[in-house]
Amino acid sequence: MNSKIGKIGIMDIGSNSIRLVIYEMTETGAYRIVQECKEAARLSEKVGANGRMEREAIRSIAPLLRQFMEVCHMHGVVRMRAAATAAIRNAANSDEIVQWIAEETDLTLEILSGEQEGYAGFLGVVNTMNVSDGIIIDIGGGSTEITLFRDRTRLHTVSFPFGAVNMNWRFGREVKNGEWSPGQIEEMESFVRSSLQNHDWIFSNPGLPFIGLGGTLRTLAKINQKRRDYSLPVTHHYEMTIEDVDYFYSSLPHLPYEKRKKTAGLSKDRADIIVPGLIILKTIFEAAQGSAYLVSGAGLRDGLFHELVNAEQPVVANPLIASIRNILSFAVPVSEAHVKRVNEYAVRLYDTLAEGTSIAMDKRLLLTAATLYKTGAALNYYHFRQHSVFWILHAGIGGLSHRETVLAALIADYHPKNRTPRLLRTHADILEPSDEERVHRLGSLLQLAIGMDRSESGIITSIHPTTGDDALHIRLESRSEPILEQRDLVAVAKDFQKAWNLTLSWSILPSSSF
């Protein structure tokens, strides 16, 4: 386990809510979240007709900001970044507000420009998702940022001074009982469409996925998961189709407010602003001719964190590898050298068996399963495989889709006579028909790779697999007699042979014989 260097605090004073996230870091740059606090503030509603936010409004949030700072002190935060977005940015007296907050709380606040806010959201997405090209839409309470990226490089960002809260105040004031009329919806759609006209790049990049940040799309994802009885209740990297969002567009705006509040997956404090957020989302999606909706659980605060600690290179090279490193760096009782050997053996076997037809996704799955298969030992060694399944499914591993996440968990806990069939049935709504064979093949292959380092000592120093005559033969180079490894090879051979329809054999020679 890496030694810790301290904790980092990121405070986001948004138009709808105020959040604090505390990250713990190691000397190698690995990190994890150890605390998050959130409180609804609706700051964008506190701006007067003259465009000013008065000191009384700041005094109303000062006790919360002071308590957040107490939380930081209790956790021993060594570096802090507090940022404000649209509500304060767009106020006529924004500089005065920063001064008032400093006087009331001793908090040094930076005001993010729309461009800075969009860039931070972009960092949150590309550092946690395996998406090379897309359009990011961040619908906040008082602004909406749209960012185009290709090859994991940001090309354009625009920030509009409208969001779910101030658009609800502007267009939803005349709504009776929460039910929006077709005319009210059309009026807001027209306003949003007209705001896009001076940004041609929004219209000239059709067919890209829309990656949504913020509460609107995340809430729609939760509602959709409840509606579909989805088997993996994780929002990060959850995908919704055009038809899914169209369903909500035809139903949610027309529900009475009291009935909408009872919608499964919809929090009561968002029941009013979900409609204007939905109108913004769908109008921009249609204008850009998006292909699908993806949800990112990481966004502004994550981007601010990466900018603070990795100012020279805030974009990670590989989200999956970075995510695995973060998990293994904290209280996971597993040898890094061991899981590296297991992955190397698994990939070597896979390449031999694939015979030039290897699939990149399969190698990502093997990497994830090989390096995380023993993480559950942090909770209980004797049942670590079942705990590892939960860890993989719910840790929010960056760079994996929901389907890949489920597959990695199944491969890590391969048990073909019991747990594997049950998990395949549980997650049939996420998996594809061909995935059952993939799980059996990769799962049995991983168990074979684990068996070749059963003692975790590296006693087997090299493997040399070859195929021919419907058989796989592995020559093993070993420092001495690998008793534990041979026992495991015997135990997993039958499952491997059944999955691959190949006879398995091996021979062991001293290292000096090669």
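Colleague: Quick question: what am I supposed to make of the overall build of the chain here?
Modeller: Within the chain, the secondary structure is distributed over 20 helices and 14 strands. Computed over the C-alpha atoms, the radius of gyration of the chain is 26 Å, within 12% of the 24 Å expected from 2.2 N^0.38 for a compact globule of 514 residues. Each of the three principal axes of the chain carries a C-alpha extent, and together these read 85 × 50 × 40 Å. Put simply, the chain has 514 residues, and 57% of those count as buried. Accessible area of the chain: about 22300 Å², with a carbon and sulfur share of 49%. Charge separation in the chain, taken as the distance between the mean sites of 55 positive and 60 negative side-chain charges, equals 5 Å.

Colleague: What should I look at first to understand unusual backbone geometry in this one?
Modeller: Of note, Asp106 is a non-glycine position whose phi angle comes to about 65°, a positive value. Take Asp106: it is sitting in the loop between helix 3 (94-105) and strand 5 (110-111). The class for Asp106 is exposed, based on a relative accessible area of 66%. Phi at Arg152 is positive, roughly 60°, even though this residue is not glycine.

Colleague: In this structure, what is going on with the pattern of salt bridges? I would like to understand it.
Modeller: A side chain of one charge can pair with a side chain of the opposite charge when the charged atoms of the two come close. Here the structure, examined in full by the defined rule, presents 35 salt bridges. One salt bridge connects Glu96 with Arg52, and the closest N-O pair in it is separated by 3.2 Å. Taken together, the residues Glu96 in helix 3 and Arg52 in the loop between strand 3 (31-40) and helix 1 (55-75) connect sequence positions 44 residues apart. Among the residues examined, Arg52 registers a relative accessible area of 26% and is labelled partly exposed.

Colleague: Teacher, can you tell me more about the sheet that holds strand 6 (residues 134-139) here?
Modeller: Sheets are built from strands that pair by backbone hydrogen bonding, the pairs being arranged parallel or antiparallel. Read from one edge to the other, the open sheet built from six strands follows the order 8-7-6-9-11-10, with strand pairing classed as mixed. Only two strands of the sheet have a single neighbouring strand rather than two, namely strand 8 (153-160) and strand 10 (239-240). Of the pairings in the sheet, the one linking strand 7 (residues 144-150) to strand 8 comprises seven bridges and is antiparallel in character. Looking at the pairing, Ile146 lines up with Val158 of strand 8.

Colleague: How should I be thinking about the sheet that holds strand 14 (residues 503-510) in this particular structure?
Modeller: Strand order in this open sheet of three strands is 12-13-14, and the pairing throughout is mixed. Every other strand in the sheet has two partners, leaving strand 12 (460-467) and strand 14 as the edge strands with one partner each. Geometrically, the sheet is characterised by an average inter-axis angle of 20° between neighbouring strands, direction not taken into account. Against the sheet, helix 14 (residues 336-354) engages strand 12 and strand 13 (471-478), with an angle of about 15° to strand 12.

Colleague: Whenever I open this one, helix 20 (residues 483-500) confuses me. Can you help?
Modeller: One turn of an α-helix holds 3.6 residues; hence residues three or four places apart share an orientation. For helix 20, which comprises 18 residues, the first-to-last C-alpha distance of 25 Å matches the rise-based estimate of 26 Å (1.5 Å per residue) to within 8%. At Val492, helix 20 shows its largest kink, close to 40°. Taken together, the buried positions of helix 20 are occupied by Glu485, Asp488, Leu489, Val492, Ala493, Phe496, Ala499 and Trp500. Residues of helix 20 that are buried make contact with helix 14, helix 19 (435-451), strand 12, strand 13 and strand 14. Positioned one or two residues after helix 20, Asn501 has a phi angle of 55°, which is positive.

Colleague: What should I look at first to understand the packing of helix 17 (residues 402-412) against helix 19 in this one?
Modeller: Packed helix pairs are specified by the crossing angle of their axes together with the interaxial distance, meaning the distance between the axes. For the pair helix 17 and helix 19, interaxial distance at closest approach is 8 Å and the crossing angle is 45°. Put simply, helix 17 runs oblique to helix 19. Read as a crossing pair, helix 17 and helix 19 show a hand that is right-handed. Residues Arg403, Leu407, Leu410, Ile411 and Ala412 of helix 17 form the contact with helix 19, whose own contacting residues are Asp435, Arg438, Val439, Leu442, Gly443, Leu446 and Gln447.

Colleague: Hey, could you run me through the environment of Ser478 in this one?
Modeller: For Ser478, the location among the structural elements is in strand 13. The buried category is assigned to Ser478, whose relative accessible area is 2%. As for Ser478 and Glu239, which are separated by 239 residues in sequence, their C-alpha atoms are 47 Å apart. Those residues in contact with Ser478 that lie beyond four places of it in its chain are Ile459, Ile460, Thr461, Ile508, Leu509, Pro510 and Ser511.

Analysis parameters
Residues numbered from 1 in each chain as written. Predicted model: local features only at pLDDT ≥ 70, side-chain atom pairs only at ≥ 80, totals over all residues. Heavy atoms only, no water. Helix = DSSP H or I, 4+ residues; strand = E, 2+ residues; numbered from the N terminus. Rg over C-alpha atoms; globule rule 2.2 N^0.38 Å. Buried < 20%, exposed > 50% of the residue type's maximum accessible area, 1.4 Å probe, protein only. Areas by Shrake-Rupley, 256 points an atom, 1.4 Å probe, with all protein chains shown as cover. Lys, Arg positive; Asp, Glu negative; His and termini not counted. Charge placed at Lys NZ, Arg CZ, Asp CG, Glu CD. Salt bridge = Lys/Arg side-chain N within 4 Å of Asp/Glu carboxyl O. Pairing = 2+ DSSP bridges. Axes fitted to C-alpha atoms, helices over the stretch in contact; angles between N-to-C directions. Contact = heavy atoms within 4.5 Å. Expected span 1.5 Å × (residues − 1). Bend = angle between axes of the 7 residues up to and from the residue. Parallel < 35°, antiparallel > 145°, perpendicular 65-115°, else oblique. Left-handed = near helix turned anticlockwise from the far one by under 90°.

In short, the description is geometric, and any link to function would need to be established separately.
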